[in-house]
Amino acid sequence: NAGVMQNPRHLVRRRGQEARLRCSPMKGHSHVYWYRQLPEEGLKFMVYLQKENIIDESGMPKERFSAEFPKEGPSILRIQQVVRGDSAAYFCASSSGQGLYNEQFFGPGTRLTVL
Amino acid sequence: QQQVKQSPQSLIVQKGGISIINCAYENTAFDYFPWYQQFPGKGPALLIAIRPDVSEKKEGRFTISFNKSAKQFSLHIMDSQPGDSATYFCAASSGGSYIPTFGRGTSLIVHP
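This report concerns the structure included in the present document. (Residues numbered from 1 in each chain as written. Chains lettered and ligands numbered in written order. Predicted model: local features only at pLDDT ≥ 70, side-chain atom pairs only at ≥ 80, totals over all residues. Heavy atoms only, no water.)

Counting its regular elements, chain A contains 0 helices and 11 strands. Taken over the C-alpha atoms alone, chain A extends approximately 40 × 25 × 25 Å along its principal axes. Within chain A, buried positions represent 43% of all 115 residues. When contacts within chain A are restricted to residue pairs at least 6 apart in sequence, those whose partners lie at least 24 apart make up 52%. Of the accessible surface of chain A, which amounts to about 5900 Å², a share of 46% is contributed by carbon and sulfur atoms. (Helix = DSSP H or I, 4+ residues; strand = E, 2+ residues; numbered from the N terminus. Buried < 20%, exposed > 50% of the residue type's maximum accessible area, 1.4 Å probe, protein only. Contact = heavy atoms within 4.5 Å. Areas by Shrake-Rupley, 256 points an atom, 1.4 Å probe, with all protein chains shown as cover.)

Here you go:
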């Protein structure tokens with residue numbers, strides 16, 4: 001049973017370009033979460049999605065960032081017109097949505113570098 | 001406002017020693033406290049978790065101690081090994097929330 005998959009693992013973009021990060025949840029999981037991790041900082045929640053729905057985007061910057069989880073295919077985190085401050089590791093997690101504490105399983109992350 | 005404070009930021013221990021990482025929280029609604037282990041280039045992985053109805057939970061060399069009145073919890077790694085070298089994150093959540101709040105992490109280095 002494959003775990004959470006993310007690609008690409010490393011992504012380099014120049015300022016002003018678009019970055020697309022993909023996440024395939026664990027088999028049987030329909031809940032996806034995106035987090036951002038800056039050096040020497042913890043994980044910061046960005047957005048929580050279920051299939052075709054955004055449930056909570058309270059951690060998403062108001063501009064340039066968007067996320068989707070279509071009926072078919074992976075979840076996509078999209079960053080438009082990237083700036084150097086977007087350089088970070090972006091982690092996706094998935095869960096089954098069951099159980100009181102809704103354990104999340106993390107992918108290996110995408111490391112975004114903005115030149 | 002940081003709701004979960006973690007210390008120390010970094011920790012160096014000799015092989016066979018005890019590693020201790022501490023966390024404190026503010027939100028009394030938190031009732032689930034997981035610890036995550038993250039190796040370089042990897043995503044965080046759940047290591048061990050505790051609920052406030054117990055004061056201690058042990059799994060192998062890893063033990064969580066929980067002090068509800070002080071709103072503090074800690075991770076103890078007994079007989080630390082070089083393979084334990086990683087970043088450790090504490091977190092807290094409540095049954096009514098699906099998003100854990102993470103501490104800033106502790107970078108642990110265990111020297112052989």
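On we go.
With that settled, consider the sheet that holds strand 1 (residues 5–7) of chain A. All names here are of chain A. Read from one edge of the open sheet, 4 strands run 1-3-8-7, paired in antiparallel fashion. The sheet is open, and its two borders are formed by strand 1 and strand 7 (65–68), each paired with just one other strand. Sheet twist, expressed as the mean angle between neighbouring strand axes with direction ignored, is 15°. Sheet topology note: the strand 1/strand 3 (residues 19–24) ladder contains 3 bridges and is antiparallel. Considered in strand 3, the bridge of Gln 6 is made with Cys 23. (Pairing = 2+ DSSP bridges. Axes fitted to C-alpha atoms, helices over the stretch in contact; angles between N-to-C directions.)

Residues Ile 18, Ile 20 and Met 78 of chain B make up a contiguous nonpolar surface patch of about 240 Å² in total accessible area. With respect to the element layout, Met 78 of chain B can be found in the loop between strand 8 (72–77) and strand 9 (86–92). (Patch = residues over 30% accessible without salt bridge, like charges linked within 9 Å, V, L, I, M, F, W, Y side chains within 5 Å. Salt bridge = Lys/Arg side-chain N within 4 Å of Asp/Glu carboxyl O.)

Looking now at the nonpolar core. Counting residues in each nonpolar core, the largest one holds 24 residues, and the members touching the most others are Phe 33, Trp 35, Phe 73, Leu 75 and Tyr 88 of chain B. Taken together, the elements giving at least two residues each to this core come down to strand 2 (10–14), strand 3 (19–25), strand 4 (33–38), strand 5 (45–50), strand 7 (62–67), strand 8, strand 9 and strand 11 (106–111) of chain B. Here this core gets 4 residues from one element, more than from any other, and that element is strand 9 of chain B. For Phe 73 of chain B, the residues in contact, after removing those within four places along its chain, are Ile 21, Asn 22, Cys 23, Tyr 25, Phe 33, Trp 35, Ser 65, Phe 66, Cys 90 and Ala 91 of chain B. Counting 23 residues, the second-largest nonpolar core is a separate cluster that includes Leu 21, Val 47, Leu 49 and Ala 67 of chain A. (Core = buried A, V, L, I, M, F, W, Y, C linked by side-chain atoms within 4.5 Å.)

Let us look at the interface of chain A and chain B. In this assembly, 22 residues from chain A lie in contact with 21 residues from chain B. Taken together, the connections running from chain A to chain B amount to 0 salt bridges. Applying the counting criterion to the chain A and chain B interface returns 2 residue pairs in polar contact (both at pLDDT 80 or more). Counting only elements with at least two residues in the side of chain A that touches chain B, the list comes to strand 4 (31–37), strand 5 (43–50) and strand 6 (53–56) of chain A. Partitioned by chemical class, the residues of the side of chain A that touches chain B number 11 nonpolar, 5 polar and 6 charged. (Polar contact = N/O pair within 3.5 Å; in protein donor to acceptor, adjacent residues only side chain to side chain. Nonpolar A, V, L, I, M, F, W, Y, C, P; charged D, E, K, R; others polar.)

The next point concerns the side chain of Gln 104 of chain A. Looking at the element boundaries, Gln 104 of chain A is found in the loop between strand 9 (88–95) and strand 10 (105–106). Classification of Gln 104 of chain A as buried rests on a relative accessible area of 3%. Looking at Gln 104 of chain A, its side chain comes within polar contact range of the side chain of Tyr 35 of chain A, at 2.7 Å. In this structure, Gln 104 of chain A is in contact with Tyr 33, Tyr 35, Ala 93, Ser 94 and Ser 95 of chain A together with Tyr 36, Tyr 98, Ile 99 and Pro 100 of chain B, ignoring residues within four places of it in sequence.

Each aromatic ring pair is described using two quantities: the centre-to-centre distance and the angle formed by the ring planes. One pass over the full model with this rule turns up 14 aromatic pairs over all chains. Aromatic pair Tyr 33 of chain A and Tyr 48 of chain A: ring centres 4.6 Å apart, planes at 10°, arrangement stacked. Here Tyr 33 of chain A is found in strand 4, whereas its partner Tyr 48 of chain A is found in strand 5, with 15 residues between them in sequence. What makes Tyr 33 of chain A buried here is its relative accessible area of 0%. Classification of Tyr 48 of chain A as buried rests on a relative accessible area of 4%. Their ring planes at 45° and their centres at 5.4 Å tell us that Tyr 35 of chain A and Phe 106 of chain A sit as a pair that is tilted. Here the residue Tyr 35 of chain A occupies a position in strand 4, and Phe 106 of chain A occupies one in strand 10, the gap between them amounting to 71 residues. Classification of Phe 106 of chain A as buried rests on a relative accessible area of 11%. Grouped by ring-pair contacts, the aromatic residues Tyr 25, Phe 30, Phe 33, Trp 35, Phe 66 and Phe 73 of chain B constitute a single cluster. (Phe/Tyr/Trp six-rings, centres within 6.5 Å; stacked < 30°, edge-to-face > 60°.)

Honestly, it's all geometry; don't read function into it.
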